[in-house]
Amino acid sequence: MDMNSPTQETSFTTSIPSKLYSNLTKFIKKIKKIGEDDPRRITHCAKLGLALTLSSLLYYIRPLYNGFGEAGMWAILTVVVVFEFTVGGTLSKSINRGFATLFAGALGLGAHHLASVCGVTGKPIVVGLMVFSLAAVSTFTRFYPNVKRRYDYGVLIFILTFTMVAVSGYRVGQIVELAHQRLSTVLIGGATCIIVSIFICPVWAGPDLQFLVAKNIEKLADFLQGYGGELLTCAGDESSNDSGAKNVEKSLNGYKSVLDSKATVDLLANLAWWEPPHGKFKLNHPWKQYLKIGRLSRECASLIDSLNTYTISKSLTTATSSEFQTIIRQPCIEMSTESAKALVEIASAIKQMRPPESAETHVQKAKSAADQLKTTLQSYSMPPKPDLQEMVPLLVTASVLIDIISSVDEIVLSVCELSRKAGFKNPKSAGEQTPEQIFHRGIVSPVEDDGDHVGVDIQADSSTDSPEKKSATELSGGP
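What counts and what doesn't
Residues numbered from 1 in each chain as written. Predicted model: local features only at pLDDT ≥ 70, side-chain atom pairs only at ≥ 80, totals over all residues. Heavy atoms only, no water. Salt bridge = Lys/Arg side-chain N within 4 Å of Asp/Glu carboxyl O. Helix = DSSP H or I, 4+ residues; strand = E, 2+ residues; numbered from the N terminus. Buried < 20%, exposed > 50% of the residue type's maximum accessible area, 1.4 Å probe, protein only. Axes fitted to C-alpha atoms, helices over the stretch in contact; angles between N-to-C directions. Parallel < 35°, antiparallel > 145°, perpendicular 65-115°, else oblique. Left-handed = near helix turned anticlockwise from the far one by under 90°. Contact = heavy atoms within 4.5 Å. Nonpolar A, V, L, I, M, F, W, Y, C, P; charged D, E, K, R; others polar. Phe/Tyr/Trp six-rings, centres within 6.5 Å; stacked < 30°, edge-to-face > 60°. Lys NZ or Arg CZ within 6 Å of the ring centre and 35° of its normal. Expected span 1.5 Å × (residues − 1). 1 Å grid on protein atoms, 1.4 Å probe; cavity = no way out; pocket = protein on both sides within 12 Å on 5 of 7 lines; lining within 4 Å. Points joined across faces, edges and corners; volume = space filled by probe spheres on them. pLDDT = per-residue confidence, 0-100. Patch = residues over 30% accessible without salt bridge, like charges linked within 9 Å, V, L, I, M, F, W, Y side chains within 5 Å. Areas by Shrake-Rupley, 256 points an atom, 1.4 Å probe, with all protein chains shown as cover. Core = buried A, V, L, I, M, F, W, Y, C linked by side-chain atoms within 4.5 Å.

**Describing the pattern of salt bridges**
Oppositely charged side chains can form a pair if their charged atoms are brought close together.
Then, in step 1: For the coordinates displayed, the defined rule picks out 15 salt bridges.
Then, in step 2: Residue Lys262 pairs with Asp266 through a salt bridge whose shortest N-O separation is 2.7 Å. In this pair, Lys262 and Asp266 both sit in helix α14 (residues 262-274), 4 residues apart, roughly one turn of the helix.
Then, in step 3: Take Asp266: its relative accessible area is 27%, and that puts it in the partly exposed class.
Then, in step 4: Look at the salt bridges and you will find they share partners, linking Asp38, Arg40 and Asp208 into a network.

**Some words on unusual backbone geometry**
Then, in step 1: A positive phi angle is found at Cys201, which is not glycine, with a value near 45°.
Then, in step 2: According to the relative accessible area criterion, Cys201 is partly exposed, its value standing at 49%.
Then, in step 3: For Met353, which is not glycine, the phi dihedral falls at a positive 55°.
Then, in step 4: Tracing the chain through its elements places Met353 in the loop between α16 (323-352) and α17 (359-379).

**Structural notes on the packing of helix α5 (residues 73-82) against helix α10 (residues 175-199)**
Then, in step 1: Viewed as axis vectors pointing N to C, α5 and α10 meet at an angle of 40°, and their least axial separation amounts to 8 Å. With respect to each other, α5 and α10 are oriented oblique. For the pair α5 and α10, the sense of crossing is right-handed. Every residue of α10 that contacts α5 at Trp74, Ala75, Thr78, Val79 and Val82 is listed here: Arg182, Thr185, Val186, Gly189, Gly190 and Cys193.
Then, in step 2: Within the contact of α5 with α10, the residues separate by chemical class into 6 nonpolar, 4 polar and 1 charged.

**Structural notes on the packing of aromatic side chains**
Then, in step 1: A complete count under the given rule lists 8 aromatic pairs for this structure.
Then, in step 2: Each ring, one from Phe281 and one from Trp287, has its centre 5.3 Å from the other, and the planes form 20°; the classification is stacked.
Then, in step 3: By relative accessible area, Trp287 is classed as buried at 9%.
Then, in step 4: An aromatic cluster is defined as three or more aromatic residues linked by ring pairs; in this entry it consists of Tyr151, Trp273 and Trp274.
Then, in step 5: Cation over ring: Lys93 sits above Tyr153, and NZ or CZ is 5.1 Å from the ring centre.
Then, in step 6: Across from the ring centre of Trp273, 3.7 Å away, lies the NZ or CZ of Arg150, which sits over that ring.

**Remarks on the environment of Val137**
Then, in step 1: Secondary-structure assignment places Val137 in helix α7 (residues 119-141).
Then, in step 2: Taking the C-alpha atoms as reference points, Val137 and Ile159, separated by 22 residues in sequence, lie 9.8 Å from one another.

**A look at helix α18 (residues 388-422)**
Then, in step 1: With 35 residues, α18 extends 50 Å between its outermost C-alpha atoms, agreeing within 8% with the 51 Å of an ideal straight helix rising 1.5 Å per residue.
Then, in step 2: With its phi angle positive at about 75°, Gly423 sits one or two positions after the end of α18.

**Some points on the layout of surface pockets**
Then, in step 1: If you add up the space inside the largest pocket, you get close to 660 Å³.
Then, in step 2: Lining the largest pocket are 32 residues; nearest its centre among them are Arg149, Arg150, Leu267, Asn270 and Leu271.
Then, in step 3: The set of elements that each furnish at least two residues to the lining of the largest pocket consists of α6 (87-117), α8 (145-150), α9 (152-168), α14 and α15 (287-311).
Then, in step 4: Looking at the lining of the largest pocket residue by residue, the classes come out as 14 nonpolar, 8 polar and 10 charged.
Then, in step 5: In this structure, the second largest pocket occupies an estimated 200 Å³ of space.

**Thoughts on the confidence of the model for the protein**
Then, in step 1: On average, residues of the protein score 81 in pLDDT, and 78% of them are at 70 or above.
Then, in step 2: Throughout residues 237-245 the model reports pLDDT below 50, and contacts reaching past four residues in sequence, or to other chains, amount to 6 contacts.
Then, in step 3: Long-range and interchain partners of residues 429-448, a stretch whose pLDDT sits below 50, account for 25 contacts in this model, where long-range means more than four residues apart.

**Digging into a nonpolar patch on the surface**
Then, in step 1: On the surface, Leu50, Leu54, Leu57, Tyr60, Ile61, Leu64, Ile195, Phe199 and Ile200 cluster together into a nonpolar patch covering about 830 Å² of accessible area.
Then, in step 2: For the nonpolar patch, the secondary-structure elements that each account for two or more residues are α2 (40-55), α3 (57-60) and α10.
Then, in step 3: The residue Leu50 is located in helix α2 in this model.
Then, in step 4: Of the residues examined, Leu50 reaches a relative accessible area of 35% and is grouped as partly exposed.

**A closer look at the packing of α16 against α18**
Describing two packed helices takes the angle between their axes plus the distance from one axis to the other.
Then, in step 1: Taken N-terminus to C-terminus, the directions of α16 and α18 make an angle of 20°; their axes are 10 Å apart at the nearest point. By the angle class used here, α16 and α18 are roughly parallel. Our pair here, α16 against α18, has a crossing hand that is left-handed. Residues Phe324, Gln325, Ile328, Cys332, Met335, Ser336, Ser339, Ala342, Leu343, Ile346 and Ile350 of α16 touch α18, and the partners they reach there are Glu390, Met391, Leu394, Leu395, Ala398, Leu401, Ile402, Ile405, Val408, Ile411, Val412 and Val415.
Then, in step 2: When its residues are assigned to classes, the contact of α16 with α18 shows 19 nonpolar, 3 polar and 1 charged.

**Regarding α5**
Then, in step 1: Trp74, Ala75, Ile76, Thr78, Val79 and Val82 are the residues of α5 that are buried.
Then, in step 2: Among the structural elements, α2, α3, α6, α9 and α10 are those in contact with the buried residues of α5.

**What to know about the nonpolar core**
Then, in step 1: With 60 residues, the main nonpolar core has Ile217, Tyr290, Leu343 and Ile404 as its most contacted residues.
Then, in step 2: Ranked by residue count, the leading element in this core is α18, at 14 residues.
Then, in step 3: In terms of nonpolar packing, the next biggest core, distinct from the first, is built from 21 residues, Val82, Phe83, Ala100 and Val196 among them.

**Overview of the side chain of His362**
Then, in step 1: In this fold, His362 is placed in helix α17.
Then, in step 2: Ignoring anything within four residues of it in the chain, the contact list for His362 reads Glu338, Lys341 and Ala342.

**Describing empty space enclosed by the protein**
Then, in step 1: Throughout the structure, instances matching the rule amount to 1 cavity of 30 Å³ or more.
Then, in step 2: Roughly 70 Å³ of internal volume is contained in the largest cavity.
Then, in step 3: In terms of lining, the largest cavity is formed by Trp74, Arg97, Thr101, Ile157, Leu160, Thr161, Met164, Arg182 and Val186.
Then, in step 4: For the lining of the largest cavity, the secondary structure elements donating two or more residues are α6, α9 and α10.
Then, in step 5: Class assignment of the residues belonging to the lining of the largest cavity gives a composition of 5 nonpolar, 2 polar and 2 charged.

Written out as structure tokens, the structure is:
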């Protein structure tokens, strides 16, 4: 036992460096992955360091320090608590903190003056009552939804600043100078954050919200495409066997993240509301419409979840096919694939900020498939002893797919409404004709003058048909 103990101690001692090295390697890999996932995080860290360095000049430069004194520390604290990852987050906190400090400081000075009028005995009573009443009322307003969503931080700073100014005024003589220094340093810190956040590698919440909403819709489309591919595989389509199986394996669970995206969508929409016009996002951009689209996407994801958890392993995706399965499978394939195509189109429209072109067409095709299925079921002759254990899951699957079509239709309408409110425009197609091409449709050749009249012979250009000629040809059905 004694002979083995030195060996065990030696092995334990030598294992410590290897464990430290292994943990350090894992830690470095995690840091590298965080930076690779979103390189803007590294830029954000550098921007925060720059803002703190600039605000620290109130301490480093003697003239500035003589003007603000110890209150310069509030500028540094403001940068630490106000600077956020996105421009909208920084603007939200900076504006809330600035106005809250201004109003709270003014009310604090008013409370100090009113308490001074009441004498030495009544001064603490008046200050205490005002602190109690304003803190209670301000706290109650935080329960109001709109205040909670956009001004909660400002109300919190208002309570803190008013209490500090009102209470400190009871012992501090130069209360006006104190309030002025505190307000000035807070505004300096907030302005520093806003300038650095906007003008140095800005991170806008609006494009992130747009990308997230479009990505969620794409995940729904991926599931429906994979589900339709699996139905084709079970129907005996060998060409889709490999690709369909891979798509189903990869994307059937992607929609689940849509169900948990409400908090992120709401946060980004709130931050985007604070941002100034930038890029293609104009003033008064309909950010609330993204919330509506996100809500409809989650409703569609819940329907897809029921389709996935209940029917995907029990109904149409079985290898064996009865007569009833054969009848119901093809309309379900069309409903699934056409709904997926509509979702892909509107996701692309949101990303490119253009009106959805063919989404409504795909929805109509899906509805036609649903109507065809209803007609087929109405004309289907039930056997004397129907297999309800087989038929009920099939009918549930078809019913859920019909509900999904309705949900997709609502999403398409919401995206069209977003397109109209935001003023999305179609990009110019490559084959769009210029005004010169429109007017130069023929060759004008003068003919001989026979006296009082001049004849002009217009020869049509056979290489290019006019829009009127094309329309007439399409209506007549001729070449």
